[in-house]
Amino acid sequence: MALFQDKLSLSSTRSSFHSLPRKLSPEPLHRRIAVKKKSRSVCRASWQELAGVLVFSAIPFTAVKAIANSSLGESLRRRLEEKKKEAVENASRFNAKAQKARADSKWYGQERPRWFGPIAYDYPPYLTGELPGDYGFDIAGLGKDRLNFDKYFNFEILHARWAMLAALGALIPEVFDLTGTFHFAEPVWWRVGYSKLQGETLDYLGIPGLHVAGSQGVIVIAICQALLMVGPEYARYCGIEALEPLGIYLPGDINYPGGVLFDPLNLSQDPVAFEDLKVKEIKNGRLAMVAWLGFYAQAAFTGKGPVQNLVDHISDPLHNNLLATLHI
């Protein structure tokens, strides 16, 4: 139907054009070039708006650096030095309890569940079950080198957390829109990016006028994203000691820093529960990463969001399923 309407519109345009007087000259070449260049522009805002967006994006990192190099930062560091010895001792005692909890947990050690279950299998000897979510699965041998093994675990848990956050961001707007709780201009996750590629202006949280970088092109948004991530990525590269210039001590490690910033609900207070939470986190994170493969496939084949696909399947499972979508 859309194709028919497009053809009808084109036909109407052609008929209108032929009805015009023949002496009407076409649009000047320089004006057509200007319009073409304007439509391909990656930034439609003025340089003042662009500068404002970039400065706003750089504020977090520059503010942290400014505080660290100020007298306030020096005062915070002195206060930290006074309390750091006691904090380190408390962290050491907690780590000892965590090691004991891990040894007693069914999710760690040699007696942990394996990915083949009760079936006999020659599991890699370097997978000893000391890390959460270790089911002895490494058919590619990526964990043979200990340094690489630790690095890959860091990457996995990092992407798992991003996937869980992203899945939440993809599902919640669509749920709100379908239930009528809150209406967004575009609730489907992939259409938001598509709209941005088409040069449309986006309102954050559906609030009219709240653009920040939403009125900019994708290149400008990418630059803003890079500036916003400078601080966290720099801190991750330097390790958990990167926040000590601000007087913040993190008792954990790079994967589980802990402290007020990364554990505001104090979930790590109980070592036994904390070790189990680590397993639950990596399991749900892996599920979220796999779910995103499903989100991509659904968007490519159906052009709908994941929630709408689920609603369609529940309403008519015989006709709205994978086989029907693939026309098998």
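Residues numbered from 1 in each chain as written. Predicted model: local features only at pLDDT ≥ 70, side-chain atom pairs only at ≥ 80, totals over all residues. Heavy atoms only, no water.

### Some details on the nonpolar core
Core analysis: the largest hydrophobic core is formed by nine residues, namely Leu127, Leu131, Phe149, Phe153, Ile157, Ala160, Tyr256, Phe274 and Ile282. Elements represented by at least two residues in this core include exactly helix H5 (146-179) and helix H9 (271-302). With four residues, H5 is the largest single contributor of residues to this core. Excluding its chain neighbours within four sequence positions, the residues that come into contact with Ile282 are Pro132, Gly133, Glu156, Ile157 and Ala160. Counting residues in hydrophobic clusters, the runner-up holds six residues, among them Ala163, Ala170, Ala288 and Trp292. (Core = buried A, V, L, I, M, F, W, Y, C linked by side-chain atoms within 4.5 Å. Buried < 20%, exposed > 50% of the residue type's maximum accessible area, 1.4 Å probe, protein only. Helix = DSSP H or I, 4+ residues; strand = E, 2+ residues; numbered from the N terminus. Contact = heavy atoms within 4.5 Å.)

### Let's talk about the confidence of the model for the protein
On average, residues of the protein score 81 in pLDDT, and 81% of them are at 70 or above. Of all helices and strands in the protein, the one with the weakest mean pLDDT is helix H2 (residues 29-39) (40), whereas H9 scores best (96). Here residues 1-42 is modelled with pLDDT under 50, and outside its nearest four sequence neighbours on either side it reaches five contacts, counting other chains as well. (pLDDT = per-residue confidence, 0-100.)

### Thoughts on the packing of H5 against helix H10 (residues 306-315)
In the contact formed by H5 and H10, the axes pass within 8 Å of each other and the chain directions differ by 55 degrees. One element, H5, and the other, H10, form an angle in the oblique class. Of the residues in H10, those in contact with Leu171, Glu174, Val175 and Leu178 of H5 are Pro306, Val307 and Gln308. Its residues assigned to classes, the contact of H5 with H10 comprises five nonpolar, one polar and one charged. (Axes fitted to C-alpha atoms, helices over the stretch in contact; angles between N-to-C directions. Parallel < 35°, antiparallel > 145°, perpendicular 65-115°, else oblique. Nonpolar A, V, L, I, M, F, W, Y, C, P; charged D, E, K, R; others polar.)

### Here's the deal with empty space enclosed by the protein
Evaluation of the coordinates by the stated rule reveals one cavity of 30 Å³ or more. Here the residues of the lining of the largest cavity sort into four nonpolar, one polar and two charged. (1 Å grid on protein atoms, 1.4 Å probe; cavity = no way out; pocket = protein on both sides within 12 Å on 5 of 7 lines; lining within 4 Å. Points joined across faces, edges and corners; volume = space filled by probe spheres on them.)

### Things to note about H5
For H5, built from 34 residues, the straight-helix expectation of 50 Å at 1.5 Å per residue is met to within 8% by its first-to-last C-alpha distance of 49 Å. The set of residues buried in H5 consists of Phe149, Phe153, Asn154, Ile157, Ala160, Ala163, Ala167, Ala170, Pro173, Glu174 and Asp177. Buried residues belonging to H5 abut helix H6 (189-197), helix H7 (218-238), H9 and H10. You can read the cap of H5 off the contacts: a side-chain oxygen lies 3.1 Å from the backbone nitrogen of Leu147, and it is on Asp145. The first or second residue beyond H5 is Gly180, which carries a positive phi of 80 degrees. (Expected span 1.5 Å × (residues − 1). Polar contact = N/O pair within 3.5 Å; in protein donor to acceptor, adjacent residues only side chain to side chain.)

### Description of the pattern of salt bridges
Going through the model one piece at a time under the given rule, you end up with eleven salt bridges. A salt bridge links Lys304 to Asp312, with the nearest nitrogen and oxygen atoms 2.8 Å apart. Lys304 sits in the partly exposed class, given a relative accessible area of 33%. Asp312 gets classed as buried once you look at its relative accessible area, which sits at 14%. It is possible to trace a salt-bridge network through shared partners that takes in Arg102, Glu275 and Lys278. (Salt bridge = Lys/Arg side-chain N within 4 Å of Asp/Glu carboxyl O.)

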